[in-house]
Amino acid sequence: MKHIFAVLLLLTTLFMTGCGKEKKPKLIMVTNAAFPPYEYMVNQRIDGIDPEIVRRIADKLGYELEIHDMAFEAVIAAVQSGKGDIAASGITVTEERKKQVNFTIPYVVANQMVILPKNSPVKDLAELKKLRIGVQHGTTGDLYVAKNIREPERFANGALAVAALSAKKLDAVVIDQEPAEVYVRQMPQLQLFGKPLTSEEYAFAINKENPELLGHFNEELHKMKEDGSLAAIIAHYRSESGKTASQNAIVAEGFFGKLQESLYLNFFKDKRYMYLVKGFGITLYITVFAVLMGLVIGFAVAVIRSTADQTGKWKLLNLLCKIYLTVIRGTPVVVQLLIIYFVIFGTVNVDKVLVAIIAFGINSGAYVAEIIRGGIMSIDRGQMEAGRSLGLSHRQTMEQIILPQAFKNVLPSLGNEFVVLLKETSVAGYIALQDLTKAGDIIRSQTYDAFLPLIAVALIYLALVTLLTSLLTHLENRLKKNE
Ligand code: ARG
C-alpha cells in the first residue's frame with residue numbers, strides 16, 4: 001500500500017513539473033467579439049485584427065494568449081480590476097478612459113458614421129433628433145449621440161443594433177465606420193449616410209499598474225508599424241470581411257426556399273449550431289449544480305428555522321437565516337449575479353461557470369428553504385409530540401418522521417422551483433457566459449436574423465422543462481405507490 005502511494009506521489013510530481021516546464025505564462029485579452037473586422041467569431045473562435053495583432057505580440061513576448069469575450073462596456077473595467085491583462089476591442093482613446101487605464105500607441109484611425117435604410121426619408125442630420133437611433137452600449141458612438149443628438153437606444157453590440165434597424169425597429173444606427181461598412185455590405189437594404197461624425201484613434205488598454213507590459217507592447221507595435229506587418233494584418237482582415245460579406249443575404253425565392261436558406265444560414269453555415277449545443281451544455285451544467293447547492297442550503301436553513309421556531313434554540317443562527325432570506329428574496333437574481341462576479345470576486349480570477357453556480361445556488365436556496373419549511377410546518381404538531389413521547393429525540397423525530405413526509409408534500413413546489421431556476425439561468429449572459437440564451441444572441445448578431453435563433457432557443461428550453469416535469473411526475477408517482 002505504502003509503495004503504491006509513493007509511486008503515485010512520484011508520478012504526480014513528475015507530471016506536474018513536466019507541465020510546469022512547458023507552460024508559458026498566460027496573457028488574458030478581453031474583447032467584445034461582434035465588431036468586424038476588428039473582432040468577430042468564426043467557427044466558435046474569435047478572430048480579427050485585434051486578436052491577430054495581440055497574438056503576434058504575445059508570441060514574441062513568450063505568452064500564451066487567452067481571449068475572453070464580454071460586454072464592451074465591461075472591457076476597460078476588466079483590465080482595471082485585473083480580470084484581463086489587455087483590452088483589445090477597437091477601443092477609442094478618450095480622456096475619460098485614460099483616467100482609468102493606460103493606452104498603447106494608437107494603431108489605426110477611425111470615426112463614427114450614421115447608417116440609414118436606403119429608403120429613409122432623412123436628408124439632414126438635424127432630422128435625426130426626432131427619430132429612433134441605435135448604438136452599442138458604452139461606445140463612443142453612444143456618447144456622441146447622447147451628447148449631440150438625443151438619448152439613443154442601447155444594444156449589447158453593433159450587430160444587434162443593425163439587425164434592429166433592418167427590422168425597422170430603429171430609424172438610424174451610429175457606429176464606427178469600419179464595422180458599419182461590413183454591416184452595410186451584408187445588408188443591401190442599408191447604406192452609410194453623410195460625413196463622419198467624429199475622428200478617433202484605436203489603441204489597446206492596459207492596467208495602470210503594469211507599465212512593463214505597456215512598454216513591451218509599445219515597442220512591438222512600433223516595430224510592426226515600421227516593418228509593415230501591422231498594415232498587412234489590417235489589410236488582410238479588411239479584405240477578408242469584404243469576401244464574407246453578402247454571404248448572409250438570402251437570395252432564394254418562395255417561402256420554403258427562403259426558410260431552407262435561412263435554416264442553413266442560422267444553424268449550419270460555419271457550424272453555428274455548435275453555439276446552441278455548447279450553450280445547452282452550459283445551461284444544463286449550471287442548473288444541475290445550482291439545484292444541488294440550493295437543496296443543501298435550503299434544507300439546512302429550513303431545519304434551522306423550524307427547529308428554532310419549535311424549540312426556541314439557535315436564536316443567532318435563526319436570525320442569520322432570516323437575513324439571508326430577506327436579502328436574497330428581496331433583490332433580483334441578475335443583480336446578485338453581478339455583485340458576486342464583479343464585487344465579491346472582483347479582483348480574483350474565478351471561473352465564470354462557478355460564479356454562476358454559486359449565484360444561482362445561493363438564490364435558489366432561499367426559495368427552497370421556504371418551501372421545505374412550509375412542508376415541515378404542514379406536518380401536524382402532534383406527530384412531533386408523539387415521536388418525543390416514544391422516546392425519540394427532537395432530531396430523531398425530525399429525521400425519521402417529519403422530514404420524509406414533508407419531502408413528499410413539497411415535491412410539486414420543489415419541482416416548480418427547479419423549472420424556474422432553469423429558466424432564470426438565462427441571465428448568465430450578463431457576466432458573458434455563453435449559455436443557451438447567449439448562444440442565440442451570438443447567432444443573431446452574426447446573421448442579423450431574430451426569428452430562427454430565438455425560436456430555436458425557446459424550443460430547447462421548452463423541451464428541457466418538459467423533460468424535467470415528466471421526471472418529477474414520475475418521482476411523485478413512485479413515492480405515492482410506496483405509501
Ligand atoms: N470605438 C468605439 C469605442 O471605443 C467602439 C468600439 C466597440 N468595440 C467592440 N469590440 N465592440 O467606444
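Basis of the calculations
- Residues numbered from 1 in each chain as written.
- Predicted model: local features only at pLDDT ≥ 70, side-chain atom pairs only at ≥ 80, totals over all residues.
- Heavy atoms only, no water.
- Helix = DSSP H or I, 4+ residues; strand = E, 2+ residues; numbered from the N terminus.
- Buried < 20%, exposed > 50% of the residue type's maximum accessible area, 1.4 Å probe, protein only.
- Contact = heavy atoms within 4.5 Å.
- Areas by Shrake-Rupley, 256 points an atom, 1.4 Å probe, with all protein chains shown as cover.
- Lys, Arg positive; Asp, Glu negative; His and termini not counted.
- Charge placed at Lys NZ, Arg CZ, Asp CG, Glu CD.
- Salt bridge = Lys/Arg side-chain N within 4 Å of Asp/Glu carboxyl O.
- Pairing = 2+ DSSP bridges.
- Axes fitted to C-alpha atoms, helices over the stretch in contact; angles between N-to-C directions.
- Near = heavy atom within 4 Å.
- Polar contact = N/O pair within 3.5 Å; in protein donor to acceptor, adjacent residues only side chain to side chain.
- Nonpolar A, V, L, I, M, F, W, Y, C, P; charged D, E, K, R; others polar.

## A word on the overall build of the chain
So, step 1. A count of helical and extended segments in the chain gives 18 helices and 15 strands.
So, step 2. Each principal axis of the C-alpha distribution contributes one length, and for the chain these read about 90 × 65 × 40 Å.
So, step 3. When the 483 residues of the chain are sorted by exposure, 45% land in the buried category.
So, step 4. Long-range pairs, those at least 24 residues apart, make up 73% of the contacts in the chain with a sequence separation of at least 6.
So, step 5. Summing over all exposed atoms, the chain offers an accessible surface of approximately 24700 Å²; the carbon and sulfur share of this is 62%.
So, step 6. A gap of 5 Å separates the mean positions of the 52 positive and 47 negative side-chain charges of the chain.

## Notes on the pattern of salt bridges
So, step 1. All told, the structure shown has 17 salt bridges when counted by the stated rule.
So, step 2. One salt bridge connects Asp142 with Arg154, and the closest N-O pair in it is separated by 2.9 Å. One end of the pair, Asp142, is in helix α5 (residues 140–148); the other, Arg154, is in strand β11 (residues 153–155), with 12 residues separating them in the sequence.
So, step 3. Overall, Asp142 belongs to the buried group, its relative accessible area being 6%.
So, step 4. Note on Arg154: relative accessible area 38%, which makes it partly exposed.
So, step 5. For Arg272, the salt bridge identified is with Asp270, shortest N-O distance 3.5 Å.

## Quick look at unusual backbone geometry
So, step 1. The step from Pro36 to Pro37 runs through a cis peptide bond, and the omega angle for that step is 0°.
So, step 2. Here Pro37 lies in the loop between β2 (34–35) and β3 (39–42).
So, step 3. A positive phi angle is found at Trp314, which is not glycine, with a value near 55°.
So, step 4. By secondary structure assignment, the location of Trp314 is in the loop between α11 (273–311) and α12 (315–330).
So, step 5. Within the chain, Ala432 stands out as a residue other than glycine whose phi angle is a positive 65°.

## Brief notes about the sheet that holds strand β9 (residues 112–117)
By way of backbone hydrogen bonds, the strands of a sheet pair with one another, either parallel or antiparallel.
So, step 1. Taken in spatial order, the five strands line up as β11-β10-β12-β9-β13 in an open sheet, and their pairing is mixed. The sheet is open, and its two edges are formed by β11 and β13 (190–193), each paired on a single side. Each neighbouring strand pair of the sheet contributes to a mean axis angle of 35°, computed without reference to strand direction.
So, step 2. Sheet topology note: the strand β10 (residues 133–136)/strand β12 (residues 172–176) ladder contains two bridges and is parallel. Each bridged residue has a counterpart across the sheet, and for Ile133 the counterpart in β12 is Ala172.
So, step 3. Helix α6 (residues 158–166) contacts β9, β10, β11, β12 and β13 of the sheet and is inclined by roughly 155° relative to β12.

## Comments concerning the site of the ligand
So, step 1. Close contacts around the ligand come from 14 residues, with Ser89, Thr92, Arg97, Thr140 and Asp176 the closest.
So, step 2. One of the backbone N or O atoms of Gly90 is found 2.8 Å from a nitrogen atom in the ligand.
So, step 3. Side-chain polar atom of Gln136 to a nitrogen atom of the ligand: 3.1 Å apart, as the coordinates give it.
So, step 4. Relative to its free-state accessible area of 340 Å², the ligand is covered by the protein chains to the extent of 100%.
So, step 5. Considering only residue class, the shell around the ligand consists of four nonpolar, seven polar and three charged.

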